[in-house]
Amino acid sequence: MGPEQPGFAPYEAADFGQRRRLSVNPFIVALWALVAVLLASPFGVFTLAQESLNSGTEPQVMPVSYMWITFAPQILFAGLVGALGLLFWHAAQWQRNRAKQPPPS
């Protein structure tokens, strides 16, 4: 092998393949934040739109609140599909990481 250099561990003692336990994918965190917004926003939209539709002070044009109510169910569905997709992704990652672990001795 060769002379050992100070400050460097032998090759066998180095743990190159070890990942940190709490490594987080920032894209998955951003997707979870987007899904949370998609799931929470339709409830706020329904509340705000109902208040503006019941006020009766707007002219006879299509109010923006009506359009919000129209799109709110699709936004809620997109949030539910996103949450289910992320849960399946996490399950696949967990299964893949579990298959890599050596069996207990």
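Residues numbered from 1 in each chain as written. Predicted model: local features only at pLDDT ≥ 70, side-chain atom pairs only at ≥ 80, totals over all residues. Heavy atoms only, no water.

Draft legend 1. Broad picture of the overall build of the protein. Counting its regular elements, the protein contains 2 helices and 0 strands. Taking contacts inside the protein between residues at least 6 apart in sequence as the whole, the part at least 24 apart equals 70%. For the protein, the computed accessible surface area is about 9300 Å², with 68% contributed by carbon and sulfur atoms. (Helix = DSSP H or I, 4+ residues; strand = E, 2+ residues; numbered from the N terminus. Contact = heavy atoms within 4.5 Å. Areas by Shrake-Rupley, 256 points an atom, 1.4 Å probe, with all protein chains shown as cover.)

Draft legend 2. Local environment of a nonpolar patch on the surface. A cluster of nonpolar side chains, Leu48, Val64, Tyr66, Met67, Trp68 and Phe71, forms an exposed patch at the surface whose accessible area comes to about 630 Å². If one sorts the elements of the nonpolar patch by residue count, helix 2 (residues 64-100) sits on top with 5 residues. Inspection of the secondary structure puts methionine 67 in helix 2. Given a relative accessible area of 36%, methionine 67 falls into the partly exposed group. (Patch = residues over 30% accessible without salt bridge, like charges linked within 9 Å, V, L, I, M, F, W, Y side chains within 5 Å. Salt bridge = Lys/Arg side-chain N within 4 Å of Asp/Glu carboxyl O. Buried < 20%, exposed > 50% of the residue type's maximum accessible area, 1.4 Å probe, protein only.)

Draft legend 3. Looking closely at the environment of isoleucine 75. When you line up the elements, isoleucine 75 lands in helix 2. Taking C-alpha positions, isoleucine 75 is 9.5 Å from valine 37, a pair spaced 38 residues apart along the chain. Aside from chain neighbours lying at most four places away, what touches isoleucine 75 is Leu38, Ser41 and Pro42.

Draft legend 4. Molecular detail of the environment of alanine 83. With respect to the helices and strands, the residue alanine 83 is situated in helix 2. Take alanine 83: its relative accessible area is 14%, and that puts it in the buried class. Put simply, alanine 83 and leucine 31 are 52 residues apart on the chain and 8.9 Å apart in space, counted from C-alpha to C-alpha. Discounting chain neighbours no more than four positions away, the residues touching alanine 83 are Trp32 and Val35.

Draft legend 5. Representation of helix 2. Here helix 2 is 37 residues long and its end C-alpha atoms lie 53 Å apart, about the 54 Å a rise of 1.5 Å per residue gives. The sharpest bend along helix 2 measures roughly 35° and falls at phenylalanine 71, with the proline proline 73 sitting one to four residues further on. Buried within helix 2 we find Ser65, Ala72, Gly79, Ala83 and Leu86. (Expected span 1.5 Å × (residues − 1). Bend = angle between axes of the 7 residues up to and from the residue.)

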